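Here's the letter readout for the chains.
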Amino acid sequence: WCSGMPLSDSQTLYLAIATGVVLVALIFALWLRRRRRQREPDARLRAVAEDLLANFLLPDGDDGEIHIEFAALTADGVLVVDIKRVSGHVFGSDAMQDWTVIGERRRFTFANPQPALYDRIAAVRRLLPDVPVDGYVVFTPGADFSKGLPAQTLLLDELIERLAGRRREAGSAPENYRAGWDQLRHEAVAAQLGQLMKQG
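Residues numbered from 1 in each chain as written. Predicted model: local features only at pLDDT ≥ 70, side-chain atom pairs only at ≥ 80, totals over all residues. Heavy atoms only, no water.

Draft legend 1. Representation of a nonpolar patch on the surface. A cluster of nonpolar side chains, Leu 13, Ile 17 and Val 21, forms an exposed patch at the surface whose accessible area comes to about 300 Å². Turning to its location among the elements, Leu 13 is positioned in helix α1 (residues 9–39). (Patch = residues over 30% accessible without salt bridge, like charges linked within 9 Å, V, L, I, M, F, W, Y side chains within 5 Å. Areas by Shrake-Rupley, 256 points an atom, 1.4 Å probe, with all protein chains shown as cover. Salt bridge = Lys/Arg side-chain N within 4 Å of Asp/Glu carboxyl O. Helix = DSSP H or I, 4+ residues; strand = E, 2+ residues; numbered from the N terminus.)

Draft legend 2. Spotlight on the layout of surface pockets. Size it by volume and the largest pocket reaches roughly 210 Å³. Taken together, 13 residues form the lining of the largest pocket, with Thr 74, Asp 76, Leu 79, Tyr 136 and Leu 163 sitting closest to its centre. Elements with a minimum of two residues in the lining of the largest pocket: β3 (77–84), β7 (133–139) and α4 (156–170). It is α4 that provides the largest number of residues to the lining of the largest pocket, a total of 4 residues. When grouped by side-chain class, the residues that make up the lining of the largest pocket number 7 nonpolar, 2 polar and 4 charged. (1 Å grid on protein atoms, 1.4 Å probe; cavity = no way out; pocket = protein on both sides within 12 Å on 5 of 7 lines; lining within 4 Å. Points joined across faces, edges and corners; volume = space filled by probe spheres on them. Nonpolar A, V, L, I, M, F, W, Y, C, P; charged D, E, K, R; others polar.)

Draft legend 3. Fine view of the sheet that holds β3. Read from one edge to the other, the open sheet built from 5 strands follows the order β1-β2-β3-β7-β9, with strand pairing classed as mixed. Pairing within the sheet leaves two strands with one partner each, and these edge strands are β1 (51–59) and β9 (153–155). Strand-to-strand twist across the sheet, computed as the mean angle between neighbouring axes with direction ignored, equals 40°. Helix α2 (residues 41–48) rests against β1, β2 (65–74) and β3 of the sheet, and its axis sits at about 115° to β1. Each of β1, β2, β3, β7 and β9 is contacted by helix α3 (residues 114–127), which is oriented at about 150° to β7, the strand it contacts most. (Pairing = 2+ DSSP bridges. Axes fitted to C-alpha atoms, helices over the stretch in contact; angles between N-to-C directions. Contact = heavy atoms within 4.5 Å.)

Structural data, given as structure tokens:
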């Protein structure tokens, strides 16, 4: 082919088929990548919340700072969301210090995530005393709580369904919630700038 000889009919057909297969594989890979991104918690939360802040710091009330993974503005107030990406059977309760995950190939434990969530909710409430603030530890698909979900714990699909339903029912957040949200955003930016200045 490289010598400048014309391609035979069979070679032309083979080249056309090979090109088609490569194009189909490329299109499928791009579609799969886009679908995975859409299924990520960040994208799914953005689709159902009125607004979303991700990965920011707030004052913790003790001259320190606390990390917030997600905060969502909803018609009911501000929702703090901690995401746990685990796959397998999860065994945990309000009273247990450590929760256990038993997957197909491994078993591991992690600290009960509820106390950290309560600290994050408290930090947001301190800043927004006039706005309802709630929160959940949210597990991605693949987590199975066969013994039931502990307090302030949800599966991602359930949270998305709840938020979508409330948005359809209640519409937009009231103005005072929006004003509180703007204050939260301002505090998040200020804390981030403070961190940058300390590092510099």
